[in-house]
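Coordinate analysis (summary)
Next come the chains, spelled out residue by residue.
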Amino acid sequence: MTHPVSAQPRTEPDDGPDPRRWKALTVCLVAGFMTLLDVSIVNVALPSIEKGLGASPSDLQWVVSGYALTFGLVLVPSGRLGDATGRRRMFVAGVVVFGVASLLCGLATTSSLLVAARLLQGIGGGLLNPQVSGLIQALFHGRERAKAFGLLGATIGISTAVGPIAGGVILSLLGADAGWRWIFVVNLPVAVAAVVLALRWIPAHVHAEDESSEPARGGDRAPTPARRRTDLDPVGVALLGAGVLALLLPLVESGRGGGSATVPGWVAAVGAGLLGVFVLWEHRYAARGRTPLVDLGLFSLPGYASGAVVATVYFSGFTGIFFVLTVYLQQALGYSPLLAGLAVTPFAGGSAVMSAVGGRLVTRFGRSLVTAGLVVVVVGLVATDLVLSSVEGPATGWYAAVPLLVAGLGSGMVISPNITLTLSEVPVRRAGTAGGVLQTGQRIGTAAGIALVGTVFFAHLRDQPGDAAAVSLRVATGLVVLALLASLADVWLRRRHRAEAAA
């Protein structure tokens, strides 16, 4: 979950701010923390899941990437539903779906059932997360709103950092057989408490301050909630979901190997075609005066397209690092789940710390800060690659700690500042949609990156186990380099635009 730039302060309503707003925020942050923790906590449990359920490599990839995929695909439409039907209602629905899916994950008896439950769990996370930023926009104003978004950003960083350690602790205490199940089941009491407290503290009728509160360009009023109720663009949702799924299927299923049936490559071509149809549909849908799933006009705003590309490509690269290292350290080097979680913590911890610093520096250095951060990430990953290629045995994790910390510090200079810069030129009335589209790209990038990096990793793990982590890490580094090139292009275009404006 990424936090969009807060809307401009406005005059307080006559009846003053809601006295329950900070309690409501607490419930929102706890639920958001729970869903984001499940992005990283499951990585250390993958070897245990493989043994317990006889899961194939592609099953393990779907456990991670499937969650990110469904999470991302429902973000924008669920944000629309929150606008139309009320934030609290959608928030509670998302928590309930997430809680039920967590129980199903814990009770799964086959890898197929676990993957299906993870897909459902991702839907629950995607339902509730857009409501968090919407509730912050509706309940807080001025400096309080900035503080609330700051707490949301801290929650994002902490959940990423503690996920691998929390998973390792649970597995160490309960053992491999039961521990991986409790990684999911532990969400249940949190979900129950979140539902009870949400019904008590979150106001029943809350709509985000977005398109309905400001006039559109040209003096026209933006669509009202009643209008958006009929503008959920179900065809767009179906085309986007089917296209992305078709693109990922051949890649992930290639990880099965061993003679198992795989999805033919032409399915990816069908996926690309469906995404082309999706773009045409969105253009036509908007031309008819409707509200499309993805506002393609956003990509004509200064810095938005390049920032979205940087976010999507970067997330496809760095998220695969956790997936690969936690599996490699356990399967190839014999690390316990807790030690594997501790070994990747320097990256997450460095990212969480530098995110707070980067948020204060972005207004001074702009896109150059993001570009510098990407360079630092590449340097850290190259150094990590050298460690994995030259050091053998249990000491690998110790030697890799400093390079991973460097890469994490660079990552903290990328994610939050890039969000700020990408959304800086977006009008307030379109901020909710712009943030949702940006976050959707990040989740799809996560799913695609894990599919690609994971496929390379498992292919080498079968044939050249000693090189599996280093080779797959090079693929992840290559994706980060692509994000760096996109950021450099944006820096060049901005400087050229300023030079033309000054001429």
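The present account deals with the structure reproduced in this document.

The rules we used
- Residues numbered from 1 in each chain as written.
- Predicted model: local features only at pLDDT ≥ 70, side-chain atom pairs only at ≥ 80, totals over all residues.
- Heavy atoms only, no water.
- Core = buried A, V, L, I, M, F, W, Y, C linked by side-chain atoms within 4.5 Å.
- Buried < 20%, exposed > 50% of the residue type's maximum accessible area, 1.4 Å probe, protein only.
- Helix = DSSP H or I, 4+ residues; strand = E, 2+ residues; numbered from the N terminus.
- Contact = heavy atoms within 4.5 Å.
- Salt bridge = Lys/Arg side-chain N within 4 Å of Asp/Glu carboxyl O.
- Expected span 1.5 Å × (residues − 1).
- Phe/Tyr/Trp six-rings, centres within 6.5 Å; stacked < 30°, edge-to-face > 60°.
- Lys NZ or Arg CZ within 6 Å of the ring centre and 35° of its normal.
- Axes fitted to C-alpha atoms, helices over the stretch in contact; angles between N-to-C directions.
- Parallel < 35°, antiparallel > 145°, perpendicular 65-115°, else oblique.
- Left-handed = near helix turned anticlockwise from the far one by under 90°.
- Nonpolar A, V, L, I, M, F, W, Y, C, P; charged D, E, K, R; others polar.
- Bend = angle between axes of the 7 residues up to and from the residue.
- Patch = residues over 30% accessible without salt bridge, like charges linked within 9 Å, V, L, I, M, F, W, Y side chains within 5 Å.
- Areas by Shrake-Rupley, 256 points an atom, 1.4 Å probe, with all protein chains shown as cover.

1. Topic: the nonpolar core
- The biggest cluster of nonpolar side chains holds 103 residues, and the ones touching the most others in it are Ile-49, Leu-114, Tyr-304, Tyr-314 and Leu-374.
- The greatest single-element share of this core, amounting to 16 residues, is contributed by helix α12 (residues 304–331).
- Excluding anything up to four places from it in sequence, Tyr-314 contacts Phe-347, Leu-374, Val-377, Ser-411, Val-414, Ile-415, Val-480 and Ala-483.
- Membership of the second largest hydrophobic core comes to 31 residues, among which are Val-92, Val-132, Phe-149 and Ala-194.

2. Examining the pattern of salt bridges
- Within this structure, the stated rule accounts for 4 salt bridges.
- Salt-bridge contacts for Asp-38 lead to Arg-118; the nearest nitrogen and oxygen are separated by 3.5 Å. In this pair, Asp-38 is assigned in helix α1 (residues 21–40) and Arg-118 in helix α6 (residues 111–139), connecting sequence segments 80 residues apart.

3. A word on α6
- Compared with the 42 Å implied by 1.5 Å per residue over 29 residues, the 42 Å span of α6 between its first and last C-alpha is a close match.
- Counting buried positions along α6 gives 23 out of 29 residues, so the element sits mostly inside the fold.

4. Some remarks on the packing of aromatic side chains
- This structure, assessed with the given rule, holds 12 aromatic pairs.
- Note on Tyr-67 and Phe-71: the rings are 5.8 Å apart at their centroids and 65 degrees apart in plane angle, and the pair reads as edge-to-face. Of this pair, Tyr-67 and Phe-71 both sit in helix α3 (residues 57–73), 4 residues apart, which is roughly one turn of the helix.
- Each ring, one from Phe-322 and one from Phe-347, has its centre 5.3 Å from the other, and the planes form 85 degrees; the classification is edge-to-face. Placement of the pair is Phe-322 in helix α12 and Phe-347 in helix α13 (residues 337–365), with a sequence separation of 25 residues.
- In this structure Phe-322 comes out as buried when scored by relative accessible area, which is 7%.
- When the ring centre of Phe-71 is taken as reference, the NZ or CZ atom of Arg-443 above it lies at 5.0 Å.

5. Focus: the side chain of Thr-446
- If you trace the backbone, Thr-446 turns up in helix α17 (residues 431–463).
- Classification of Thr-446 as buried rests on a relative accessible area of 3%.
- Residues in contact with Thr-446, not counting those within four places in the same chain, are Ala-68, Phe-315, Ser-316 and Thr-319.

6. Points about the packing of helix α14 (residues 367–390) against helix α18 (residues 468–502)
- As a packed pair, α14 and α18 sit with axes 9 Å apart at the nearest point and diverge in direction by 165 degrees. As far as their axial angle goes, α18 and α14 are roughly antiparallel. For α14 against α18, the interelement crossing comes out left-handed.
- Split into classes, the residues belonging to the contact of α14 with α18 amount to 17 nonpolar, 6 polar and 6 charged.

7. Topic: α3
- Along its 17 residues, α3 runs 24 Å from first to last C-alpha, staying within 8% of the 24 Å computed at 1.5 Å per residue.
- Along its length, α3 shows its largest kink, about 35 degrees, at Ser-65.

8. Describing the environment of Gly-466
- Among the structural elements, Gly-466 can be located in the loop between α17 and α18.
- Distance from Gly-466 to Leu-333, taken between C-alpha atoms, is 9.7 Å for residues 133 residues apart in sequence.

9. Examining a nonpolar patch on the surface
- Where nonpolar side chains cluster on the molecular surface, the patch consists of Val-96, Val-100, Leu-104, Leu-120 and Ile-123 and spans about 350 Å² of accessible area.
- Secondary-structure elements contributing two or more residues to the nonpolar patch are α5 (87–107) and α6.
- Per-element accounting of the nonpolar patch gives the leading share, 3 residues, to α5.
- Assignment of secondary structure puts Val-100 in helix α5.

10. Things to note about the environment of Trp-266
- Turning to its location among the elements, Trp-266 is positioned in helix α11 (residues 266–287).
- Overall, Trp-266 belongs to the exposed group, its relative accessible area being 58%.

11. Topic: the packing of α13 against α14
- It is at 6 Å that the axes of α13 and α14 come closest, and there the two elements cross at 125 degrees. In terms of their interaxial angle, α13 and α14 are classed as oblique. Along the contact surface, α13 presents Gly-358, Leu-361, Val-362 and Phe-365, while α14 presents Arg-367, Ser-368 and Leu-369.
- When grouped by side-chain class, the residues that make up the contact of α13 with α14 number 4 nonpolar, 2 polar and 1 charged.

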